[in-house]
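# Geometric and topological summary
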Amino acid sequence: QDGGATITALTLDMSEAGAATFNSHITASGNISSSGLVTRNFTIGHDKTEYDAFSNAEGTGEILEGQTIHGSVSAGDVCYHAGTAWRQGDANAGLAANAINMLGVSLGDGKVLLRGVVRLGAGHITDTSGDEGDPVYLGETAGHVQFAAPSDSGDYVRIVGYVLDEANDIIYFNPSSTYVEVA
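This structure is a prediction, so every number in the text was calculated from the model and none was measured.

For soluble globular proteins, the rule of thumb is that nonpolar side chains tend to be buried together. Counting residues in hydrophobic clusters, the biggest one holds 20 residues, and the most contacted among them are V118, L120, I171 and F173. Broken down by secondary-structure element, the contributors of at least two residues to this core are β4 (78-81), β6 (103-108), β7 (111-119), β8 (135-138), β11 (159-165) and β12 (170-173). Take this core: its biggest share by element is three residues, from β6. In this view, V118 contacts E58, G59, V105, L107, L113, D169, I170, I171 and F173; residues no more than four positions away in its chain are not counted.

This part is about the side chain of E166. Its place among the elements puts E166 in the loop between β11 and β12. In this structure, E166 is in contact with I125, D127, T128, G130, D131, E132 and F147, ignoring residues within four places of it in sequence.

A few words now on the pattern of salt bridges. Using the criterion set out here, one finds one salt bridge in the structure. With a closest N to O distance of 2.4 Å, R115 and E62 form a salt bridge. On the criterion of sequence distance, the pair formed by R115 in strand β7 and E62 in strand β3 (residues 58-64) is long-range, its members being 53 residues apart.

Another point: unusual backbone geometry. One non-glycine residue with positive phi stands out, namely A57, at about 65°. Examined against the element boundaries, A57 turns out to sit in the loop between α1 (48-52) and β3.

This next bit is on the environment of S177. Along the chain, the position of S177 falls in the loop between β12 and β13 (180-181). When the C-alpha positions of S177 and I159 are compared, they lie 8.7 Å apart, and in sequence the two are 18 residues distant.

As paired strands, β7 and β12 are joined by four bridges and run antiparallel to one another. Counted as the bridge partner of V117 is Y172 from β12. Two strands pair when backbone bridges link them, and β11 and β12 are joined in this way by four bridges, in the antiparallel orientation. Bridge pairing in β12 links G161 to F173. The antiparallel pairing of β11 with β12 creates a hairpin that spans four residues between the two strands, and D169 there sits at a positive phi of about 60°.

Quick notes on the rules
- Residues numbered from 1 in each chain as written.
- Predicted model: local features only at pLDDT ≥ 70, side-chain atom pairs only at ≥ 80, totals over all residues.
- Heavy atoms only, no water.
- Core = buried A, V, L, I, M, F, W, Y, C linked by side-chain atoms within 4.5 Å.
- Buried < 20%, exposed > 50% of the residue type's maximum accessible area, 1.4 Å probe, protein only.
- Helix = DSSP H or I, 4+ residues; strand = E, 2+ residues; numbered from the N terminus.
- Contact = heavy atoms within 4.5 Å.
- Salt bridge = Lys/Arg side-chain N within 4 Å of Asp/Glu carboxyl O.
- Pairing = 2+ DSSP bridges.

And the structure:
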């Protein structure tokens, strides 16, 4: 009771198959885990003010940790999984794996973002022919993205995300599993 009113913020079913029901949001200062199937909608919010404050090679989303990243890859580079290590992705490197394998963005310290909002390395959107909301393709410069689809014979064309803030190289990284090799 609070000031004479009864408040039910949490209802507990103490049976063997019991459940806890909250009437509002759950806030935690630590990890939340589940051993069962999550059966409700699951939303992770990314407020624009959060990603506006990103430094180069910072991101949020699906991130692998403890990855082996080749020495040629800088934090903020788009990279591909080469079996034993992550290497710089490149649409025209002459090796299909550069463009068609699993892609990510190196965040440094063994972390690779697979999908989410990320600030690439400075200048990693190599052309200015697009605008916020436009798709970007795996770039012809290793580790970069570009608005224009690669068009030289042998290039691989693959959308890797959408621009949120061109001036700061912030994109929603969500690489397509579809690619085309230019004839």
